[in-house]
Amino acid sequence: MTESAVRIRKLLESPNFDPQLYVKMLSQQSDGDSDLQEHRQKIQNLADETAQKMKKNVYKNYRQFIETAKEISFLESEMYQLSHILTEQKSIMESITQALLSTDKDETSKEMQAAFPKETEELKQRTLTSLLEKVEGGKSIMDTPGRHLVYNGDLQEYDVDNMSPIQKVHAFLMNDCLLIATWLPNRRGAVKYKYNALYDLESFAVVNVKDNPPMKDMFKILMFPDSRIFQAENSKIKKEWLEILDETKKNKVTKDRNKKEQEVPASPARAEVSSSTNPFDEDYEEPANTDESVNLSVEWLQELPEDLDVCIAQRDFEGAVDLLDKFNEFLKDQPVTQKVKELRFKVDERVRQLTEVLVFELSPDRSLRGGPKATRRAVSQLIRLGQSTKACELFLKNRAAAVQTAIRQLRIEGATLLYIHKLCNIFFTSLLETAKEFEMDFAGNTGCYSAFVVWSRSAMKMFVDAFSKQVFDSKESLSTVAECVKVAKEHCKHLIDIGLDLTFTLQSLLVKDIKAALQSYKDIIIEATKHRNSEEIWRKINLMTPEALLKLKEEMRSCGLGSFEQYTGDDCWVNLSYTVVAFTKQLMSFLEEGLKLYFPELHMVLLESLREIILVAVQHVDYSLRCEQDPEKKAFILQNATFLHDIVLPVVERRFEESVGKPAKQLQDLRKSTRPFRVNPESTTSVV
């Protein structure tokens, strides 16, 4: 390192270093751009050197952490063995002491030892019975012999998706199950709660929920395919719940295992008979010397439980599953002996711990950054553990939470169309990435694809809720609605490339809102037409300037009315009424926007809306023909009627049929019924 670099480093490391003063001084002392570039390069070299040293320190600390974790694991194993030896010695000393006591004292002690557990058991059962009397529908829970209360208390249940409070519950933890009871608002006598659910201790997993104020002191109960989240009164009670739940689950596992081991040994006579019978018989047992046929003294087998603990602690999930695969491969063709059972029990306990950690990795409570790829590691290891269904469920829940969070965090822009563009980009990009990641992770599990299709439909509903809230609830114009729906449809088409077509789902979710928008805009056009009709004076239009006339011709030509020019005259005159021209422009605009929104479920809605709009104009012209006495003005009205009947209505019918592929029969019938605008002498009122 050069002398100047050392001087710069000392200056930057000084406690009184002022960046602004340093930059000011440097700019004053430098001769030009070359000096500043050279100084910048020196600082960059210092930054790179510092980064390299920091990286080396991180690697060094990480290696020390791994070595420390292994050492701790070894010490834990030795402490466990030492504790076991001390427990055995204590038991031997107590046995010797008991043997030296007198026979009478010994018998008295045995009677007390036999009576005390019985009293304790009866006390626990009486306590549980008295509590369950307060639970409506909970009397049958005491039918199971040996069941007693371990812990109970009040909890607040929250919704898993939006973390809103649901209800207040009272939980009863028993030695083999967990009872959830809800509070009764209208209590009847001693009854305070109502039976809600009963879960076997082996059917669920307990997961601690990280505090995220104001949501704190929570823990989650995971049971396939659902989950529930509860909040304790404070952190102390939450800790008690987690510890007691874990301890009770372990006690039940130990008790069930001991019970099975007691049932396994058979009588000598039975063993002698079974040794000479068919080995496929249910009573067949391995010979007494079978333990010697399986060599479990291999070093890696002896250290397997500890190695699994180290892998789980270091989050080396792949290494843990590799060890399990190696273990299962080793025991695949080996006989099942007592020592093998003991070793497998230890390994199964680690598998349970590993599964819980992987489940927590995929829980929506974890950070959702990183996209679907961030879940690949946990998902792949769960699949290797034979938990593909659980992996699929947790993966989809994780992605649903990620999509929901992304939609919530999207800032609502002033322009609706701009917001919809951003919303579609976020949602459909996330859906596409999720689909690709799902196909990669679950390529060999075709049974999971139906779950993904169901999830896609629910995700689309989430999208439509946000879409409708911004587009339809804000009462946007029909043209804006049509553009927004068009954007969503185009994004849906991109999913077809991966074999996922959600266009029909999108349409079925939007049909109600689109129908309401069409009818609302139809009512607006009808009201505007009636208002113009009430002020109608049947006079030609003078547009004053050639530019205005040219603009009107372009508008009519873009609407498909190429014959409009025959109704224009010299000196910027139009041989039509202002009311008829304004109505024509609104009608054609409504038709074009309606066709953009069209799908089969809206066929009759669009046709009936067009028919009602046209009928208002036709009835007004018919009424004016009947009421007008001036021949010249009557001829002008008839000219407007001819324009509507012979020019506008055929264009509407043809444009509808070209876009939809079906003839507009209702519009054809309406045109036939209005030809040739005969006066009905019985009608003396105007429809306005």
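The model shown is predicted, which means the values in this text are computed figures rather than measured ones.

Student: It is not clear to me how the overall build of the chain should be interpreted in this structure. Could you clarify?
Tutor: Scanning the chain from terminus to terminus reveals 21 helices and 10 strands. In the chain, which comprises 688 residues, the proportion classed as buried is 36%. The contacts in the chain between residues at least 6 apart in sequence include a share of 66% that link residues at least 24 apart. Split by element, the accessible area of the chain, about 41,000 Å² in all, is 52% carbon and sulfur.

Student: Looking at this structure, I do not really get the packing of helix α12 (residues 388-409) against helix α13 (residues 416-441). What am I missing?
Tutor: Between two packed helices, both the angle of their axes relative to each other and the distance between the axes serve to describe the pair. Running from N to C, α12 and α13 cross one another at 165°; their axes reach a closest spacing of 10 Å. The angle between the axes of α12 and α13 places the two elements in the roughly antiparallel class. Viewed along their axes, α12 and α13 form a crossing whose handedness is right-handed. Two secondary-structure elements touch here, α12 through Cys392, Phe395, Leu396, Arg399, Val403, Ala406 and Ile407 and α13 through Leu423, Ile426, Phe427, Ser430, Thr434, Glu437, Phe438 and Asp441. The residue makeup of the contact of α12 with α13, split by class, is 10 nonpolar, two polar and three charged.

Student: Just to check I follow, could you spell out the nonpolar core for this structure?
Tutor: Counting 120 residues, the largest nonpolar core has Leu423, Phe427, Met460, Phe463, Phe467, Ile514 and Phe656 as its most contacted members. In terms of residues, this core owes the most to one element, helix α20 (residues 631-660), which gives 12 residues. Ignoring any residue separated from it by four or fewer positions in sequence, one finds Phe656 in contact with Leu591, Leu595, His603, Leu606, Leu607, Leu610, Gly661, Lys662 and Ala664.

Student: Explain helix α9 (residues 317-330) to me, please; I cannot follow it from the model alone.
Tutor: Residue pairs spaced three or four apart in an α-helix point in one direction, given the helix's 3.6 residues per turn. A rise of 1.5 Å per residue sets the reference length of α9, with its 14 residues, at 20 Å; its end C-alpha atoms lie 20 Å apart and thus fit the reference within 8%. Of the residues making up α9, those classed as buried are Phe317, Gly319, Ala320, Val321, Leu323, Leu324 and Phe327. In this fold, the buried residues of α9 make contact with α7 (299-302), α8 (304-313), α10 (338-362) and α11 (376-384).

Student: What exactly am I supposed to notice about unusual backbone geometry here?
Tutor: With the exception of glycine, most residues fall at negative phi, and the peptide bonds are largely trans. Of note in the backbone geometry, Asp217 takes a positive phi value of approximately 60° without being a glycine. Counting through the fold element by element, Asp217 comes out in the loop between β6 (205-209) and β7 (218-223).

Student: Explain the pairing of strand β3 (residues 165-174) here, please?
Tutor: Walk down a regular strand and you will see the side chains alternate between the two sheet faces. In this sheet, β3 lies alongside strand β2 (residues 149-158) in antiparallel orientation, the contact comprising nine bridges. Considered in β3, the bridge of Leu155 is made with Val169.

Student: Whenever I open this one, the environment of Leu549 confuses me. Can you help?
Tutor: Topologically, Leu549 is positioned in helix α17 (residues 546-558). Residues Leu549 and Asp571, 22 residues apart in the sequence, show an inter-C-alpha distance of 9.4 Å.

Student: I'm lost on the side chain of Thr434 in this one. Help?
Tutor: Among the secondary structure elements, Thr434 is positioned in helix α13. In contact with Thr434, not counting residues within four places along its chain, are Pro372, Phe395, Arg399, Phe452 and Trp455.

Student: What exactly am I supposed to notice about the packing of aromatic side chains here?
Tutor: To describe a pair of aromatic rings, you give the distance between the ring centres and the angle between the ring planes. A full pass over the atoms with the stated rule returns 22 aromatic pairs. Residues Phe452 and Trp455 carry aromatic rings whose centres are separated by 5.7 Å and whose planes lie at 25° to one another, so their mutual orientation is stacked. Taken as a pair, Phe452 and Trp455 lie in helix α14 (residues 449-471) at a separation of three residues, close to a single helical turn. Within the aromatic cluster, the residues linked to one another by ring pairs are Phe395, Phe438, Phe442, Tyr449, Phe452 and Trp455. The aromatic ring of Trp183 is capped on one face by Lys168, whose charged end is 4.5 Å from the ring centroid. Residue placement shows Arg257 over the ring face of Phe345; its charged tip is 4.0 Å from the ring centre.

What counts as what
- Residues numbered from 1 in each chain as written.
- Predicted model: local features only at pLDDT ≥ 70, side-chain atom pairs only at ≥ 80, totals over all residues.
- Heavy atoms only, no water.
- Helix = DSSP H or I, 4+ residues; strand = E, 2+ residues; numbered from the N terminus.
- Buried < 20%, exposed > 50% of the residue type's maximum accessible area, 1.4 Å probe, protein only.
- Contact = heavy atoms within 4.5 Å.
- Areas by Shrake-Rupley, 256 points an atom, 1.4 Å probe, with all protein chains shown as cover.
- Axes fitted to C-alpha atoms, helices over the stretch in contact; angles between N-to-C directions.
- Parallel < 35°, antiparallel > 145°, perpendicular 65-115°, else oblique.
- Left-handed = near helix turned anticlockwise from the far one by under 90°.
- Nonpolar A, V, L, I, M, F, W, Y, C, P; charged D, E, K, R; others polar.
- Core = buried A, V, L, I, M, F, W, Y, C linked by side-chain atoms within 4.5 Å.
- Expected span 1.5 Å × (residues − 1).
- Pairing = 2+ DSSP bridges.
- Phe/Tyr/Trp six-rings, centres within 6.5 Å; stacked < 30°, edge-to-face > 60°.
- Lys NZ or Arg CZ within 6 Å of the ring centre and 35° of its normal.

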